[in-house]
Amino acid sequence: MACPAFDRGGQQVGIVHFGLGAFARAHLAACCDDAMAAGERDWMICGVSLRSDNVARQMGPQDGLYTLSERSGQEVRTRVIGSVREVLVAGRDAQAIAARIASPACHIVSFTVTEKGYCRAADVALDLEAARASFYPLLATGMKLRMEAGLPGLTLLSCDNLPANGAVLRYLMTQYLTAQAPELLGWFAAECSCPNAMVDRIVPATRDADLAGLERRIGLRDEAAVFTESFSQWVVEDAFAGPRPRWEDCGVQIVADVAPFEAAKLRMLNGAHSLLAYAGLAAGHEFVHQAVADPALRALVQRLMLDEAAPTIAVAPAQDLAAYARRLLQRFSDPALNHRLAQIAMDGSQKIPQRWMETLRENSQPCPAILTGIAAWLWHISDGRWLDDPLADRLRDAAVEADLRSRIGAIFGPDGIIGGSWSPSAQDIVTIEQAHAHMGTAGEVR
Ligand code: CS2
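This one's a predicted model, so the numbers in the text were calculated from it and none came from an experiment.

The next subject is the overall build of the protein. Check the secondary structure of the protein and you find 19 helices and eleven strands. In summary, the protein has a C-alpha radius of gyration of 22 Å against a globular reference of 22 Å for 446 residues, a match within 12%. Seen through its principal axes, the protein has C-alpha atoms that stretch 60 × 55 × 45 Å. Each of the 446 residues in the protein was classed as buried or not, and the buried ones make up 47%.

So, in structure tokens, the structure goes:
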């Protein structure tokens, strides 16, 4: 088993990362480990957990070390990742977190806090009350200390599945500072940058059986183990405020414009994932590889990727969307991943706008595959078994509207729960109704 090929103790913390869940440990932390193994210095990570101390409890006793296992077919490659120095907890370690951000060695603050973690209200404005309980105050305190100490600014690097994630973060942070710390606005605007980035790696939630299997294989219990696919992609806008690791030597693409990569990823990969999740659960499947092996669902996914999403994407030179779609089907089909549909189905209200509604808005042709996905999401909400969404109460209320048409209006209408960016035409509503009729009543899959 490969172990960190650098002197961990001799390196400083260069990155403070909010949300050191399984995804960040499979992606950012692996890239930092690669960079330091290649000779780069001082890119250790201080992880910050916002909601619970679970990750700190798992990783603390292991000195921040954990294994990353890449699965592909019958093969598993396990390595030890050494790039995490410590995990701090927002509710408990506020001062230490601000001090890390304010340290001269820190150059990057990065984020995998999920779509809902940015505390956007429906109209993209900041939900200030939610933001006060999130990363914003910790970051503002750290930035204030930096400014007062005359230190250079920071790169704020969002690694979440949002279109123009860097620009969104800059906009929301500016709103936060305007309300809470206006004295920082000028410094933030002049000294800090927020590159856009597209991240891609499928990381199914770790199950007890994974930990037990790993323990049998390596003879060690790893409470923080992460399991992923062999594929990994990270496309980052070349807009750093200060130093950064030479990630490009480890396969990261540093580009002038992330938009075409991000649109392909969100609309094709994530759009297909959400379709598989809702339509797959409605058809009685549990895992992505099962849903994508179902001929009817596979045909729908192909249609969504190639006929509906692809025509809306302004490709970069050398970007081949047909090859991309083929590769995605291959990745989804690997049974070794055991990726649960219910994991993807969560937080639909936060994901559907960028995964489906942008395609619907930009494609002037009918999009029956996405409309089937919408029917399946409506089925999913009224079934309720797996509904896990920050807007669950409002969605559940909408789901009790007598007929499907009123439900569609309550959710997608111009003033609907996630409405605004796209609203269905009369023909779209008929298509949704027809697809929904095939899904059975709540709880009974036909
Ligand atoms: C998935 C993503 O859970 C989900 O919503 O669609 O986490 C997906 O696995 C990643 O974006 C792949 O890069």
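Examined against the element boundaries, Pro137 turns out to sit in helix α6 (residues 136-149). For Pro137, a count of 17 C-beta atoms within 10 Å translates into the label partly exposed. Residues Pro137 and Ala164 lie 27 residues apart in sequence; the distance between their C-alpha atoms is 22 Å.

Lining the immediate surroundings of the ligand are Asn161, Asp200, Arg201, Ile202, Asn270, His273, Gln343, Ile344 and Lys351. Broken down by secondary-structure element, the contributors of at least two residues to the shell around the ligand are α10 (259-282) and α14 (341-345). The residue inventory of the shell around the ligand, partitioned by class, reads two nonpolar, four polar and three charged. Summarising the domain contributions, the shell around the ligand has at least three residues from each of domain 1 (8-255) and domain 2 (259-437).

On to the domain arrangement of the protein, then. Annotation of the protein at the domain level lists domain 1 (8-255) and domain 2 (259-437). Look at where the C-alpha atoms of domain 1 and domain 2 centre, and you get two points 28 Å apart. At the interface, 18 residues of domain 1 touch 19 residues of domain 2. The set of elements that each furnish at least two residues to the side of domain 1 that touches domain 2 consists of β3 (66-72) and β8 (197-200). Split into classes, the residues belonging to the side of domain 1 that touches domain 2 amount to eight nonpolar, five polar and five charged.

Moving on, we get to the packing of α10 against helix α15 (residues 348-362). Their axes nearest at 9 Å, the elements α10 and α15 cross at an angle of 115°. Our classification of the angle between α10 and α15 gives roughly perpendicular. In terms of crossing hand, the pair formed by α10 and α15 is left-handed. Two secondary-structure elements touch here, α10 through Leu266, Arg267, Asn270, Gly271 and Ser274 and α15 through Lys351, Ile352, Gln354, Arg355, Trp356, Glu358 and Thr359. Residues of the contact of α10 with α15, tallied by class, amount to three nonpolar, five polar and four charged.

Before going further, it helps to examine the sheet that holds β3. On the basis of which strands lie adjacent, the open sheet formed by three strands has the order β4-β3-β9 and mixed pairing. The open sheet terminates on both sides in strands that have one partner only, identified here as β4 (75-81) and β9 (226-229). Across this sheet, the average inter-strand angle for adjacent strands is 25°, counted without regard to direction. Relative to β9, β3 runs parallel, the two being bridged by four bridges. Bridging from a neighbouring strand, Leu68 pairs with Val226 of β9.

So, on to the packing of α10 against helix α12 (residues 295-309). Remark: α10 packs on α12, axes separated minimally by 10 Å, with the N-to-C direction vectors making an angle of 150°. Between α10 and α12, the interaxial angle falls into the category roughly antiparallel. Here α10 runs over α12; the crossing is right-handed. Facing α10, whose interface residues are Arg267, Met268, Gly271, Ala272, Leu275, Leu276, Ala279 and Gly280, α12 presents Leu297, Leu300, Val301, Leu304, Met305 and Ala309. Along the lines of polarity and charge, the residues of the contact of α10 with α12 split into eleven nonpolar, two polar and one charged.

Before going further, it helps to examine unusual backbone geometry. Outside of glycine, negative phi angles account for most residues, and trans bonds account for most peptide bonds. One non-glycine residue, Cys119, adopts positive backbone phi at about 60°. Mapped onto the elements, Cys119 comes out in the loop between β6 (108-111) and α5 (128-132). Given 22 C-beta atoms within 10 Å, Cys119 falls into the buried group. At Ala318, a residue that is not glycine, the phi angle is positive and equals roughly 75°. As for its placement among the helices and strands, Ala318 is situated in the loop between α12 and α13 (321-333).

Our next topic: the sheet that holds β8. Across the sheet, which stays open at both edges, the three strands sit in the order β8-β10-β11 with mixed pairing between neighbours. Where the open sheet ends on each side, the last strands, each with one partner, are β8 and β11 (253-255). Neighbour to neighbour, the strand axes of the sheet diverge by 15° on average, direction disregarded. Pairing between strand β10 (residues 233-237) and β11: three bridges, direction parallel. Across the sheet, the residue bridging to Val236 is Ile254, located in β11. Packing of α10 onto the sheet brings it into contact with β8 and β10, and relative to β8 it is tilted by some 40°.

So, on to helix α19 (residues 426-437). In an α-helix, one turn spans 3.6 residues, which is why side chains three or four residues apart end up on the same side. Helix length check: α19 (twelve residues) gives 17 Å between terminal C-alpha atoms against 16 Å at 1.5 Å per residue, within 8%. For α19, the complete set of buried residues consists of Asp428, Ile432, Ala435 and His436. Axial view of α19: buried residues confined to an arc of 100°, hence all on one face. Counted as exposed and oriented over 90 degrees from the buried face of α19: Ala426, Gln427 and Ala437. On its buried face, α19 is in contact with α16 (368-383) and α18 (404-412).

Thresholds, definitions, all that
Residues numbered from 1 in each chain as written. Predicted model: local features only at pLDDT ≥ 70, side-chain atom pairs only at ≥ 80, totals over all residues. Helix = DSSP H or I, 4+ residues; strand = E, 2+ residues; numbered from the N terminus. Rg over C-alpha atoms; globule rule 2.2 N^0.38 Å. Buried ≥ 20, exposed ≤ 12 C-beta atoms within 10 Å, placed from the backbone. Near = placed C-beta within 6 Å. Nonpolar A, V, L, I, M, F, W, Y, C, P; charged D, E, K, R; others polar. Domains from an automatic or database assignment. Contact = placed C-beta atoms within 7 Å. Axes fitted to C-alpha atoms, helices over the stretch in contact; angles between N-to-C directions. Parallel < 35°, antiparallel > 145°, perpendicular 65-115°, else oblique. Left-handed = near helix turned anticlockwise from the far one by under 90°. Pairing = 2+ DSSP bridges. Expected span 1.5 Å × (residues − 1). Arc of directions from axis to C-beta.

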